[in-house]
Amino acid sequence: MTIPRYLAHRALLGVVQVLVVMAGMFFLTEALPGDAAVTIAGDNPDPAMIADLRERLGLNESSWHRLGDWLVAALHGDFGQSLLAPRSVVDIVASAAEPTLLLAGLTLVLLIPLSVGLGVLAAHREGSRLDRLISGTTLGLYSAPEFAMGILIVTVFAVKLGWFPPTAVGTSLTDNPAVLVLPVFVLLLRPICSLSRLVRAGMIDAQQSDYVRHVLRLGLSPARVRFTHSLPNAVAPAAQQLARTVDWLVGGVIVIEAIFVVPGLGTTLAAAVAARDLPVIQGLAVVFATTTVLVNLVADIAARVLAPTAEVGR
Amino acid sequence: MPYRPTSSALSRRGFLSIATAGTAALWLPGCAGESAAPTGGQPRSGGRLRAAFSGGGAAEVLDPHQTNLYVEIARAKAMFDKLAEYGSDMSPQPRLAERWEPSADLQTWRITLRKATFHNGQPVRPADVLASFARIVEPASTRRAKSALSVIDLANSRTIDDRTIEFRLKRPYGEFPNALATLGAYIIPAGTPNLDRPVGSGPFKFGSFEPGRGFRATRNPDYWDGPPHLDELEIVISNDEAARVNALLGRQVEYAHDLTPTSARTHESSGQLKIHRLPLSNFHGLAMKIDRPPFNQPELRQALFHLVDREELIRSVLHGSGQLGNDLYGKNYKYYAGDLAQRGPDLDKARSLLKKAGAEGATIDFDTSDASTGLKEAALAISDQARKAGLNLNVKLGNKDTYWADISKKGVLASYRSGAMPLESHISQRLLTTSTTNNTQWRRPDFDKLYYEAQSTTNEAERADRYLKMQEQLFNEGGFLWWGISDWIVASAPSVQGIDDRAPANTLDWARFDRVWLA
């Protein structure tokens, strides 16, 4: 399959995937007990008020009707209003996306060179004490969930030592970049481990492969072989893992958002689900599904380019 | 309201408890005007206070008539005033209303306004009050103060002069000032087109607002109740309790609202923070539905009254940060029946009552959820206690987002909580035949009659007598069992002075940042 044909095929599939995810989110939210009127009423569930709210929010319409209306409007670029706040869904999603994208972007910029470097280094010194140290540390860190690491790191570096601000409360991430240090550090820990281990394994496989032995016999320098022949092959499987990491980061890592008080996409989704605010949930579903489709597409293309022999994509 | 927080990260504790909870001032004789200032000497002017609250995300609003969350109330009370606010004993204290005078039949109330101005320089006039109340009760409005204020016959209420209003009520209502202090009954200027840049008469003027993130306001030097000490107030949002504490420890904020007893204990002795335990803030109890089996038998309700070990619940569920309840709502509030003997566990009596009710060894479903802190822990502890008397309470964990609506219709026994409100509001919202959230299904004409008598008399002793009679009925065979009242825990930096440690959450002196200063 040629690349343009492949792209068209994948784009079409992507649209279908986004629609399926959206409908899935819609009906799963509908399957939750209660609706926005009930959650708005909270601990004062006056039946007359709930009925009024339902009427006002249009919740008396059937699910199919509401999903259909939403779809038609969305195709015209109108993602609607939150059921709870006098704000548009686009506005809510955009303001939550900003801190999430900033954190995700910064994390990725640091993640890729660090994890590739560590993986290459460990593979180069395979079996050495350095390799064992890197492998042992990365395995250990990988096993620690980020909420535990987050709390530990805030306690040590912010509260006890006072080196960095403990939270991003009351400031914007761009005005005060110091608040980014600890969350980015915590976000990096696990992906660095998984990616560097993949790169290490890929490098070792590649270094032992027939083609590498062949080019070495041809007289190319070992460093050149390592970086121009082994590395691309080693990075190809890591690209898939990187795609999953991007997905994870853009989805808003909710525990990190909570610990460091970053009002991002994860927090917004949790709140919207709790409040049964369907338009906002739908808007977020589009963002998440589109991201997943796109990053996987990019990863597959990257893998094809890096290692044309590998079986990737469909 | 909105997102009314709610994932585990956004705990529902952020929610204000109940409709008509109010706001208050303990004007104890001798401290008139000045709130409790523990130490710190003379108030000092200047500076900025940053306060961290749990919030409601993107769905937070500035509209003072839509307040639901604690943070929304804190913002509203910084910028706006009501005619009255609840004092620390839940009795209404005059605010924008300088005084009120009822007619002999308690159906017409004349209110004299204080000389106050809005932030735009306009005086607060009767027309603003009437317009604010009209906005709250307009058809299809779901504003919380609507039910309390709908007692006013607005069409027949009128302006007498520049500072006097005459309210005509639909029925005699001796405690009408309670309605003026009700949650969300703030006064906004008449003809306010939108509330994006609110103009109020409160101690702080609007600066900026980002839903779910932050709010800034500056000192109103012309505030009628004396200008605030602070130059600037900033309210920031952190839904995670540990993050609020960390922000306080890291000097990112000077005030953190709503801490757990565990955090309070951890940091109390360190000297890095000051812990304030606001008493009588949060009532914990059970609701038994008395209109259906098995709790239609008074003996079974009384058996529960005698098998619950309240002291143990305070120790375990409230981590010791609270007070013992005596099954009645509103401990130490105005008209509370404090002379009734304190109940304690009496398993023999409980067993004999269970036998009388034919419920020995019976199994009864007990609804609870994570909708509010302690609901689930209390249900589990009470079910252990009941087992000792030979009663099986089968704890069922419901959905936290819809819990309050679920238990209002279904089930027989539920874990329950309430914020602070006057006894009158508790009764009118939950215990009259016409009450909209009558969770115990307590509907008794003789009880209703006592309530209406209490509201139809100008004789204070007579009213107190009716309250006592109502509470005796509830004490002996009511469906509520209020076993404890937890403190509301707030922490501040050591430099913060002027926080009133006696004001229950959501009363006038709670979150009263105009009285706070930085030493």
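No experiment lies behind these values; they were computed from the predicted model shown.

**Examining the overall build of chain B**
So, step 1. Regarding its fold elements, chain B presents 14 helices and 19 strands.
So, step 2. The C-alpha radius of gyration computed for chain B amounts to 23 Å, which stays within 12% of the reference 24 Å derived for 519 residues, consistent with globular compactness.
So, step 3. On the principal axes, the C-alpha backbone points of chain B span a range of 70 × 55 × 45 Å.
So, step 4. Burial statistics for chain B: of 519 residues in total, 62% are counted as buried.
So, step 5. The long-range share in chain B, meaning contacts at least 24 apart out of those at least 6 apart in sequence, stands at 72%.
So, step 6. Element-wise, carbon and sulfur atoms account for 49% of the exposed surface of chain B, whose accessible area totals about 17400 Å².
So, step 7. Between the mean site of the 64 positive side-chain charges and the mean site of the 60 negative ones, chain B shows a separation of 2 Å.

**Here's the deal with the confidence of the model for chain B**
Regions with low pLDDT should not have their predicted coordinates read in detail.
All names here are of chain B.
So, step 1. In the predicted model, chain B carries a mean pLDDT of 90, and 92% of its residues have values of at least 70.
So, step 2. Scored below 50 in pLDDT, residues 1-38 shows 174 contacts in the model against residues more than four places distant or in partner chains.
So, step 3. We note a pTM of 0.87 for the whole complex and an ipTM of 0.84 for its interfaces.

**Some thoughts on a negative patch on the surface**
So, step 1. The grouping of Asp-52, Glu-55, Glu-61 and Asp-69 of chain A at the surface amounts to a negative patch.
So, step 2. Considering the arrangement of structural elements, one finds Asp-52 of chain A in helix H3 (residues 47-57).

**Details of the pairing of strand S6 (residues 158-161) of chain B**
Taken residue by residue, a regular strand's side chains alternate between the two faces of the sheet.
So, step 1. Direction of pairing for S6 of chain B relative to strand S7 (residues 164-168) of chain B: antiparallel, over a ladder of three bridges. The residue of S7 of chain B that forms the bridge with Asp-161 of chain B is Thr-164 of chain B.

**A closer look at the domain arrangement of chain A**
Residues and elements named next belong to chain A.
So, step 1. Once the domains are mapped, chain A shows domain 1 (3-75) and domain 2 (89-306).
So, step 2. Just the C-alpha atoms count here: the centres of domain 1 and domain 2 sit 31 Å apart.
So, step 3. Taken residue by residue, the interface counts 22 residues in domain 1 and 20 residues in domain 2.
So, step 4. Viewed at the interface, domain 2 and domain 1 are joined by one salt bridge.
So, step 5. At the junction of domain 1 and domain 2, the tally comes to three residue pairs in polar contact (both at pLDDT 80 or more).
So, step 6. Elements with a minimum of two residues in the side of domain 1 that touches domain 2: helix H1 (3-31), helix H2 (36-41) and helix H4 (63-75).
So, step 7. Looking at the side of domain 1 that touches domain 2 element by element, the count peaks at 13 residues for H1.

**What to know about the sheet that holds strand S4 (residues 97-102) of chain B**
Hydrogen bonding along the main chain pairs the strands of a sheet, whether they run parallel or antiparallel.
Residue and element names in this part refer to chain B.
So, step 1. Taking strand neighbours across the sheet as the criterion, the four strands line up as S4-S5-S7-S6 in an open arrangement whose pairing is antiparallel. Unpaired on one side and paired on the other, S4 and S6 mark the two borders of the sheet. Strand after strand, the sheet turns through a mean of 25° between neighbouring axes, direction not considered.
So, step 2. Pairing between strand S5 (residues 108-113) and S7: five bridges, direction antiparallel.

**Digging into the pattern of salt bridges**
All names here are of chain B.
So, step 1. Evaluated as defined, the whole model comprises 47 salt bridges over all chains.
So, step 2. The partner of Glu-60 in a salt bridge is Arg-75, and the shortest N-O contact between them spans 3.1 Å. Here Glu-60, found in the loop between strand S1 (48-53) and helix H1 (70-79), pairs with Arg-75, found in helix H1; they are 15 residues apart in sequence, far enough to count as distant. Across the pair, exposure class does not vary: Glu-60 and Arg-75 are buried alike.

**With respect to the interface of chain B and chain A**
So, step 1. On the side of chain A, 46 residues touch chain B, which itself brings 46 residues to the contact.
So, step 2. Interface area, chain B with chain A, both sides summed: about 3500 Å², of which 62% is carbon and sulfur.
So, step 3. Between the two partners, chain B and chain A, sit one salt bridge.
So, step 4. Note that Asp-401 of chain B is salt-bridged to Arg-276 of chain A, the shortest N-O span being 2.9 Å.
So, step 5. Viewed at the interface, chain A and chain B are joined by six residue pairs in polar contact (both at pLDDT 80 or more).
So, step 6. Of all the secondary structure elements, the ones that give two or more residues to the side of chain B that touches chain A are strand S10 (232-237), helix H5 (241-249) and helix H11 (403-409) of chain B.
So, step 7. For the side of chain B that touches chain A, the element with the most residues is H5 of chain B, which contributes four residues.
So, step 8. A class-by-class count of the residues in the side of chain B that touches chain A yields 22 nonpolar, 16 polar and eight charged.

**As for unusual backbone geometry**
Residue and element names in this part refer to chain B.
So, step 1. A cis geometry characterises the amide bond from Pro-293 onward to Pro-294, with omega recorded as 0°.
So, step 2. Here Pro-294 is to be found in the loop between strand S12 (274-288) and helix H7 (298-307).
So, step 3. Despite not being glycine, Met-90 shows a phi value in the positive range, around 70°.
So, step 4. Looking at the secondary structure, you find Met-90 in the loop between strand S2 (84-86) and strand S3 (92-94).
So, step 5. Owing to a relative accessible area of 3%, Met-90 belongs among the buried residues under this scheme.
So, step 6. Of note in this structure, Ala-511 is not a glycine but carries a positive phi near 45°.
So, step 7. Note that Ala-511 resides in the loop between strand S18 (496-497) and strand S19 (517-518).

**Brief notes about the packing of helix H12 (residues 423-430) of chain B against helix H13 (residues 445-455) of chain B**
All names here are of chain B.
So, step 1. The geometry of H12 relative to H13 is characterised by a closest axis approach of 11 Å and an angle of 140° between their N-to-C directions. Judged by the angle between their axes, H12 and H13 are oblique. Of the two possible hands of crossing, H12 and H13 adopt the one that is left-handed. Along the contact surface, H12 presents Glu-424, Ile-427 and Ser-428, while H13 presents Phe-447, Tyr-451 and Gln-455.
So, step 2. Class assignment of the residues belonging to the contact of H12 with H13 gives a composition of three nonpolar, two polar and one charged.

Rules used throughout
Residues numbered from 1 in each chain as written. Chains lettered and ligands numbered in written order. Predicted model: local features only at pLDDT ≥ 70, side-chain atom pairs only at ≥ 80, totals over all residues. Heavy atoms only, no water. Helix = DSSP H or I, 4+ residues; strand = E, 2+ residues; numbered from the N terminus. Rg over C-alpha atoms; globule rule 2.2 N^0.38 Å. Buried < 20%, exposed > 50% of the residue type's maximum accessible area, 1.4 Å probe, protein only. Contact = heavy atoms within 4.5 Å. Areas by Shrake-Rupley, 256 points an atom, 1.4 Å probe, with all protein chains shown as cover. Lys, Arg positive; Asp, Glu negative; His and termini not counted. Charge placed at Lys NZ, Arg CZ, Asp CG, Glu CD. pLDDT = per-residue confidence, 0-100. Patch = residues over 30% accessible without salt bridge, like charges linked within 9 Å, V, L, I, M, F, W, Y side chains within 5 Å. Salt bridge = Lys/Arg side-chain N within 4 Å of Asp/Glu carboxyl O. Pairing = 2+ DSSP bridges. Domains from an automatic or database assignment. Polar contact = N/O pair within 3.5 Å; in protein donor to acceptor, adjacent residues only side chain to side chain. Axes fitted to C-alpha atoms, helices over the stretch in contact; angles between N-to-C directions. Buried area = accessible area lost by both parts, 1.4 Å probe. Nonpolar A, V, L, I, M, F, W, Y, C, P; charged D, E, K, R; others polar. Parallel < 35°, antiparallel > 145°, perpendicular 65-115°, else oblique. Left-handed = near helix turned anticlockwise from the far one by under 90°.

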